[in-house]
Amino acid sequence: MPTKLKGMTSLEIAIIVAIVLVIAIAVGWYLYTTFAAAGQQASLTVVSAKITTTEDGATLTLEVVPQGGASVQIKAVEIAGTQVDTSKITPTLISGPTTVIVTLDDINVAVGQVLTGRVVLSNGAVAPFSASVVAGGGEGAP
């Protein structure tokens, strides 16, 4: 004859602990993803960078994509240790995948050279890039 047991068995306790654990992980993940996304600063990714030389000077072409939901403002572009004036950067407000054109007046470059630089945003974020120098006037020239 079966006897009535008092209390829960270890299997019942294990099932309750597992259910509580799954609920705690789900709530924790929801809170983490919610607040991690809200705390991220808007940033920018430079997909490609190219410097085109012509007889008139050099032009830096940057393909950029903003990261995060907000638009980003370019504060400066620095290349080979030289900061470019924002009046020579078009456009400076980036809200989606964009081609940014930077006129380079004070930089001497040679075809085949690779220069490093960075895009500085108004919120302080920095996006580094490497740009190779190509001759203008042919295919791909601005």
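Residues numbered from 1 in each chain as written. Predicted model: local features only at pLDDT ≥ 70, side-chain atom pairs only at ≥ 80, totals over all residues. Heavy atoms only, no water.

## Concerning the confidence of the model for the chain
The predicted coordinates ought not to be read in detail in places where the model reports low pLDDT. Mean pLDDT for the chain: 82, with 87% of residues reaching 70 or above. Counting interchain partners and residues more than four positions distant, the pLDDT-below-50 stretch residues 138-142 has 5 contacts. (pLDDT = per-residue confidence, 0-100. Contact = heavy atoms within 4.5 Å.)

## So, the pairing of strand S1 (residues 43-54)
Consecutive side chains of a regular strand alternate in pointing toward one face of the sheet and then the other. Where S1 meets strand S2 (residues 57-67), 11 bridges bridge the pair, whose relative direction is antiparallel. Residue pairing in the sheet places Lys50 in a bridge with Thr61 of S2. Counted between consecutive antiparallel strands, the loop separating S1 from S2 contains 2 residues. Where S1 meets strand S9 (residues 126-135), 4 bridges bridge the pair, whose relative direction is parallel. (Pairing = 2+ DSSP bridges. Helix = DSSP H or I, 4+ residues; strand = E, 2+ residues; numbered from the N terminus.)

## A word on unusual backbone geometry
Residues Thr90 and Pro91 are joined by a peptide bond in cis, for which omega reads -15°. One can find Pro91 in the loop between strand S5 (89-90) and strand S6 (93-94). At Ala80, a residue that is not glycine, the phi angle is positive and equals roughly 50°. Note that Ala80 resides in the loop between strand S3 (72-79) and strand S4 (82-84). We classify Ala80 as partly exposed; its relative accessible area is 45%. (Buried < 20%, exposed > 50% of the residue type's maximum accessible area, 1.4 Å probe, protein only.)

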